[in-house]
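Letter by letter, the chains look like this.
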Amino acid sequence: MLKCREMTSGYIITLADPAQLPKLIQGKFLNGHHQARIAFVGRSNVGKSSLINCLMKERVARVSATPGKTRAIHFFLWKEADRIIADLPGYGFAKVAKEDKREWSKLLDSYFSADDHVELVMMLFDSRHGPTEADLEALDYFISKKKTVQVIMTKFDQLKTQSERHHRKQDVQKILAEYGIPPEHLYWVSTKDQKSLEWLRRPFL
Ligand SMILES: Nc1nc2c(ncn2[C@@H]2O[C@H](COP(=O)(O)OP(=O)(O)OP(=O)(O)O)[C@@H](O)[C@H]2O)c(=O)[nH]1
Ligand SMILES: [Mg+2]
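Computed from a predicted structure; not experimentally measured.

A. Molecular detail of the overall build of the chain. Check the secondary structure of the chain and you find six helices and seven strands. Written out in order from the N terminus, the α and β elements of the chain read β-α-β-α-β-β-α-β-α-β-α-β-α. Nonlocal contacts in the chain, meaning residues at least 24 apart in sequence, comprise 72% of its contacts between residues at least 6 apart. Summed over its atoms, the accessible surface of the chain is roughly 10900 Å², and 51% of this surface lies on carbon and sulfur atoms.

This is the structure in structure tokens:
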């Protein structure tokens, strides 16, 4: 078998069943890859998979036309950064049935309890209306789990005027300060703006 560093970036494995997790993590987790994990979390349609593709500069994660489609955890090797990226299922999509929501929480909770190699949680909020109540609930969860959180405001291109951008930035900074997230852990990005993506990539390279 090839060593991790010799392998190319790309898809590794998908986990849908929490029962698989402890065994996979303790044993031959992720086909022998042991790099630190970066977990991408956020509500459905916020842009997790799109951002992962941009960071890795490869179309590895499926961008969904239908929100709420990703119901499993997809793992990718980001070779350039020597990290593993976990693309987690989105939460808070109204059309998702209650039973599905329970499944979602179970899967996430099992994952974060089982995997102690999560270096960073990237919490994605929509620049236009995040953080919503569900976003803040999720943020609270990761803070209670003592995870290092970086907040990414997605789809910044959708804020059209300078004044709108300025006010949103002020509002979000204020809310996040209450959660102990400093401005330097807050990024405003757009998949259409290379510069914003480079800012995000740089610390990992
Ligand atoms: N305008 C704009 N659209 C974006 C941006 N990022 C993602 N999108 C669009 O938002 C939609 C959802 O993107 P995904 O990456 O599939 O979102 P997701 O968070 O992975 O969604 P789930 O897997 O369902 O949880 C797609 O139509 C993307 O093209 C962005 O920066 N700007
Ligand atoms: Mg997705």
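B. Representation of unusual backbone geometry in the model. The omega torsion across Gly 130 and Pro 131 is -5 degrees, close enough to zero to call that bond cis. For Pro 131, the location among the structural elements is in the loop between strand S5 (118–126) and helix H4 (133–144). We note that Asn 45 has phi near 75 degrees; this positive angle belongs to a residue other than glycine. On the secondary structure map, Asn 45 appears in the loop between strand S2 (37–42) and helix H2 (48–56). For Asn 45, a relative accessible area of 39% puts it in the partly exposed group. Non-glycine residue Lys 155 carries a positive phi angle of around 55 degrees. You can call Lys 155 partly exposed: its relative accessible area is 23%.

C. Representation of the sheet that holds strand S1 (residues 10–15) in the model. Here seven strands make up an open sheet; going across it, the order is S1-S3-S4-S2-S5-S6-S7 and the pairing mixed. Each of the sheet's edge strands pairs with one partner strand only, and the pair in question is S1 and strand S7 (186–188). Along the sheet, successive strands turn relative to each other by an average axial angle of 25 degrees, direction set aside. In terms of strand pairing, strand S6 (residues 149–154) meets S7 through three bridges, oriented parallel. Pairing of Met 153 across the sheet is with Trp 188, part of S7. Most of the contacts of H4 go to S5, to which it runs at about 170 degrees, and overall it touches S2, S5 and S6. Against the sheet, helix H5 (residues 162–177) makes contact with S5, S6 and S7, and its axis sits at roughly 155 degrees relative to S7, the strand it touches most.

Thresholds, definitions, all that
- Residues numbered from 1 in each chain as written.
- Chains lettered and ligands numbered in written order.
- Predicted model: local features only at pLDDT ≥ 70, side-chain atom pairs only at ≥ 80, totals over all residues.
- Heavy atoms only, no water.
- Helix = DSSP H or I, 4+ residues; strand = E, 2+ residues; numbered from the N terminus.
- Contact = heavy atoms within 4.5 Å.
- Areas by Shrake-Rupley, 256 points an atom, 1.4 Å probe, with all protein chains shown as cover.
- Buried < 20%, exposed > 50% of the residue type's maximum accessible area, 1.4 Å probe, protein only.
- Pairing = 2+ DSSP bridges.
- Axes fitted to C-alpha atoms, helices over the stretch in contact; angles between N-to-C directions.

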